Amino acid sequence: MSRRLDTGGALIDRDAPVQFSFNGETLRGFEGDTLASALLANNKVLVGRSFKYHRPRGIVASGAEEPNALMGVGEGARFEPNQRATTTELFQGLVATSQNHWPSLNTDVGALNAWVADMIPVFSAGFYYKTFLFPRVAWKHVYEPFIRKAAGLGKAPVNPDPDDYEHFHAHVDTLIVGGGIAGLDAARAAGARGEHVLLVEQTAHWGGRALVDGGDVAALVAELEAMPNVQMRTRAMGAGVYDHGYALVYERVSDHRPGLPGAPRHRLWRVRARQIVVATGAIERPLTFANNDMPGVMLASAVRDYIRLYGVLPGKKAVVYANNDDAYRTAIALHEAGAKVKAVLDVRAAPAGELVEQVRALGIDIRPGTGIAKARGGKTVEDVEIGTIAGDRMTGRDEHLICDLVAMSGGWSPVVHLWSHCGGKLLWNAEGAFFHPDPARPPLGEDGEGFVSCAGAANGEGLDAAVEPHWFTPSRGKYAHGTKHFVDFQNDVTAADVRLAAREGYESVEHTKRYTTLGMATDQGKTSNINGLALLAGELGAEIPDVGTTTFRPPYTPISMGAITGAAKGPLFKAVRQTPIHGWSDANGADWEPVGDWYRPYRYKRGSETRHQSVTREVLNARQNVGMLDASTLGKIVVKGPDAGKFLDLIYTNMMSTLKPGRCRYGLMCTENGFLFDDGVVVRTGEDEFLCHTTSGGSDRVHGHLEEWLQTEWWDLKVYTANVTDQWAQIAVAGPKARAVLEAAGCDVDLSAEALKFMSYVEGTLAGCPVRIFRISFSGELSYEIATPAGRGLELWEALAAAGAEHGIMPYGTEALHVMRAEKGFIMIGDETDGTVTPQDLDLGWAVSKKKADFLGKRAQERDDLVRAGRKQLVGLRTENPDEVLPDGAHAVKRVREHVAMETIGHVTSTYFSPTLGHSIAMALVNDGLSRDGEWLDFPVAKDKVMRAQIVSPVFYDPEGEKQNV
Amino acid sequence: MLMLRCPYTGVEIEETELTPGGEAHLTRFGPGSSDDEVTGYLFHRKNPRGVHFERWRHTYGSGKWFHAARCTVTNEVFGTYPAQTTEPPQWLVDKIKAKRPDWEGFE
């Protein structure tokens, strides 16, 4: 029987009652309660079922280390699984549900697992690896559905998170994690030195264990609050420590006041600290005895916490079971709260000392050398069978103590997580049986000096008094038959599992962890790791420090995905780059497609058109009349200086220094490995100035590439580069009537074929806008690309649309652009290239200079692998059935075969239906493709379908280039 | 997350603003060099356990490339210096030798 006491409870406000519900039942608690203390106050001792065996489980701890009491908290969009009841503050209207049970917490079918497990060894260490091997077909229909159903803790929420989250950057001299006595003292010392201090505490209260075990912190807290250079935050957990003094602090701003206006739910502090003091205290270890997982078996310190902090007595008749003096404090607390302490069972042969004497003076029965052979009961503990511990055997009279509460203590482990996250090393204290920080091997900062130190219990201080290491309490009779000694409650890992792993050869603690699942899941073994590795060491006949710990990784306890995301969600998740014409396109049927950071119109929808219909219309109109394209996303990089030509000769595969001012040249850029990585038209805009066009997604990458070579290799060249992509709007006007449209818009330069030749450039005024006109073509039609300062882009676009109306001008999108360039056999970076393709592979050798002494990639292109026979080379394809379009990425095979892997000889890189030609077209990279003209290839595209296509020239439309040169 | 000091401006830069550029002081082997030279230049990189000279770019900042000498085990940063050099500056070499007497030196 667990109940609320009539008095006491340092943290609760008895004048402020709070209603909440648990599994649909309305219950009452007080402001200041945790969900765990409120459940215990309502005699809810059974709070969940275990993960594998579905055994009844109760609350074990009172803080962050809780392995069992995981709840679904909240409803609807605010539902969240796996919340620890011990760290969930109670509030009016809180809704909690228990997990891992069906149909109900009290009657659970899955508990059959445990019964079966006693008969045959399923669920023992490595059972996943051993159990589901045969027959093969059973995987799909039996094993996998079963495992999927059983796997995972809790249910994922299904609705979008309605709350706000934020990040907060802080730069401090000293970050102190932990608001107990040690942390407060460290803050006072650092504050007095004039340092900028941030002190964080994961609970809502200052004082740590002093609140329970004595000591007044109010004066100290007041002193710190008066220091202007000390910043203090409760409900803020030090989550992780990273390189060079970086730390994450997870602040739960309004978990206890859901939906508080103006406040985020969680705030993630991104802290950069010169020094970090870890004052995170210690965690008590359970003792490993038979059925130690039964509800009513709790950590001794937690029992004390519930009595003193929340005025909750977790049982009427208690047994304390310990290997140290500290647990005697719990015996005293229980006695004072009115519980009957049946006995203190102490594994030590001769417990002595002040606390022991105090307990003895209270008339409590102390049993030296005694342990619990087995706890008995059902949904709560009903009695314990005790005996005399004789090494690995349990002897003595078969005696039972009737009790409804067992307070256990196996000693304390310093919370060294934050010390260890960034490489701090540990030492083993054999007397106190714990790992503590080795001050000689701290995590190192940028200056090579340690930047983390530990204080108080986290440093092992005060934990080594009067402890006798005790890792396993044997039960009577044959070991492990009908009894389970749990090591990891959350993952249902028993001592037998750990020992089995050791016998099967798992000598490394990291392997044992993964084989048995010891120390995994949401609690990451806070109560189980040391016990588990001690058992492993025992089985291996090794010393505990030689077996070592598993790796401590951030975060210390789970933090919300929302906190990690911060404000970067929805429209703020990723910035969208918009051209000056974006709004016009949006209002005129644009069907948006992301291209790099840009959004570009895939097509402009008219009426009830399908995508295919729009694209067909846009292509045919550009081919027959005139189309206009928002090409503002095209990368534009200015390269300027006396050595600009020389520099571009090194950057591009072809010669740029010979380009005459006012002329344009298509250029290729390769990496030093010889592979094509960007292309575009280069314009010489002046004697010492070039404008390099790049692919739409590639301008930042290309600009970075130019800067890298300028700064780190050819820093003697007198050249500046500037990425001016956003400074210019660019509009392509393409089609037989393009010239007429420009003339109709009012242009002050001579646009005739003689005056402005193909691949040349001129500046002037068009429709009243200052423009640069480039006579270049990516469609194969007569085409002008017109750049105007970005602020005039929309004005020019609208003027051209108006002037072109009588010529039937229509805007076209990226898909029409792609179809038209594919009809012309123009390559697209990222389609025909994938980082392993050379210009020669694409039959672009004509754009690779033979004359130049050097350019990036030149030497690499002479390497054996880049000149060998059998490389994949670009071809055009025409399908046997002209109406069928090859799937993008389809593979051609050497020979079509059934039931065995086929040898692939190439793959499709671009594939469209050509409205201009009335049949499908494709480009592909095929082994030795350049010398296979006319061959037929087989593309097995589905189980019963092979498409055939013939290799042709990739230039499907206007191979002589007559259309663009008029 | 590393902090590196920009050698041009003295600004302390957080890793999220930086782009790593791999080993510093590679000798570029272009046309006319042997297969072994080119293979070494393109593909073979030092991977020391200890002192390493490496390139970084302040991509979300000045855009400048610089070099850093960093211990790959402890992340200690011995110093940073401008990229327009073919070898680490003497002051830095002296500093590393003083801190790591066992270090075999640059090259």
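Residues numbered from 1 in each chain as written. Chains lettered and ligands numbered in written order. Predicted model: local features only at pLDDT ≥ 70, side-chain atom pairs only at ≥ 80, totals over all residues.

Asks: How do you make sense of the sheet that holds strand β23 (residues 393-402) of chain A when you look at a structure like this?
Replies: Strand pairs in the sheet, formed through backbone hydrogen bonds, run parallel or antiparallel to each other. Residue and element names in this part refer to chain A. Read across the open sheet, the three strands follow the order β21-β22-β23; overall the sheet is antiparallel. Since the sheet does not close on itself, it has two edges, and those belong to β21 (370-377) and β23, each with one partner. Put simply, the sheet's adjacent strands are angled 25 degrees from each other on average, direction ignored. One ladder, built from seven bridges, connects strand β22 (residues 381-390) with β23; its direction is antiparallel. When the sheet's bridge partners are listed, Glu385 is paired in β23 with His400. (Pairing = 2+ DSSP bridges. Helix = DSSP H or I, 4+ residues; strand = E, 2+ residues; numbered from the N terminus. Axes fitted to C-alpha atoms, helices over the stretch in contact; angles between N-to-C directions.)

Asks: Would you mind going over the interface of chain B and chain A with me for this structure?
Replies: Often, the extent of an interface is quoted as the loss of accessible area upon association of its parts. Across the boundary between the two partners, chain B contributes 21 residues, which contact 22 residues of chain A. Per-class residue counts for the side of chain B that touches chain A are ten nonpolar, six polar and five charged. (Contact = placed C-beta atoms within 7 Å. Nonpolar A, V, L, I, M, F, W, Y, C, P; charged D, E, K, R; others polar.)

Asks: How do you make sense of the sheet that holds strand β3 (residues 25-31) of chain A when you look at a structure like this?
Replies: Residues and elements named next belong to chain A. Taken in spatial order, the five strands line up as β3-β2-β8-β6-β7 in an open sheet, and their pairing is mixed. Here the strands that pair on one side only, and so sit at the sheet edges, are β3 and β7 (80-84). Pairs of neighbouring strands in the sheet enclose a mean axial angle of 40 degrees, with direction left out of account. Strand direction decides the pairing type here: strand β6 (residues 70-73) and β7, joined by three bridges, are antiparallel. When the bridges of β7 are listed, Met71 appears paired with Gln83.

Asks: I'm lost on the nonpolar core in this one. Help?
Replies: Soluble globular proteins tend to pack their nonpolar side chains together in the buried interior. Residues and elements named next belong to chain A. Judged by nonpolar contacts, the single largest core of 101 residues is most densely connected at Val320, Val344, Val406 and Ala407. The greatest single-element share of this core, amounting to seven residues, is contributed by helix α8 (residues 300-310). In this view, Val320 contacts Ala300, Ala327, Thr330, Ala331, Val341, Val344, Leu345 and Ala407; residues no more than four positions away in its chain are not counted. Listed in part, the 100 residues of the second largest apolar core include Ile581, Ile651, Tyr784 and Leu842. (Core = buried A, V, L, I, M, F, W, Y, C linked by C-beta atoms within 7 Å. Buried ≥ 20, exposed ≤ 12 C-beta atoms within 10 Å, placed from the backbone.)

Asks: Help me out: how do you make sense of helix α21 (residues 738-745) of chain A in this one?
Replies: What sets the pattern is the α-helix's 3.6 residues per turn: residues three or four places apart point alike. All names here are of chain A. Across the eight residues that make up α21, a large majority, six, are buried. Here α21 has its buried residues at Ala738, Arg739, Ala740, Val741, Leu742 and Ala745. On the buried face of α21, the contacting elements are β39 (728-734), β40 (761-766), β42 (783-789) and α22 (793-804). Phi turns positive, to about 90 degrees, at Gly746, one or two residues after α21.

Asks: Where do I start with the environment of Gln613(A) in this structure?
Replies: Residues and elements named next belong to chain A. In this structure, Gln613 sits in helix α18 (residues 611-624). Note on Gln613: 15 C-beta atoms within 10 Å, which makes it partly exposed. Measuring from C-alpha to C-alpha, the distance between Gln613 and Asp591 comes to 13 Å, with 22 residues separating the pair along the chain.

Asks: Could you clarify how one ought to interpret the packing of helix α12 (residues 495-503) of chain A against helix α13 (residues 509-516) of chain A in this entry?
Replies: A pair of packed helices is captured by two measures, namely the crossing angle of their axes and the spacing between those axes. All names here are of chain A. Two numbers describe how α12 lies on α13: the axes approach to 10 Å, and their chain directions differ by 125 degrees. With respect to their mutual orientation, α12 and α13 come out oblique. Here α12 and α13 pass one another in a crossing that is right-handed. In contact with Asp497, Val498 and Ala501 of α12, α13 contributes Thr512, Tyr515 and Thr516. Of the residues belonging to the contact of α12 with α13, the class tally is three nonpolar, two polar and one charged. (Parallel < 35°, antiparallel > 145°, perpendicular 65-115°, else oblique. Left-handed = near helix turned anticlockwise from the far one by under 90°.)

Functional significance is not addressed by these values, which are geometric in nature.
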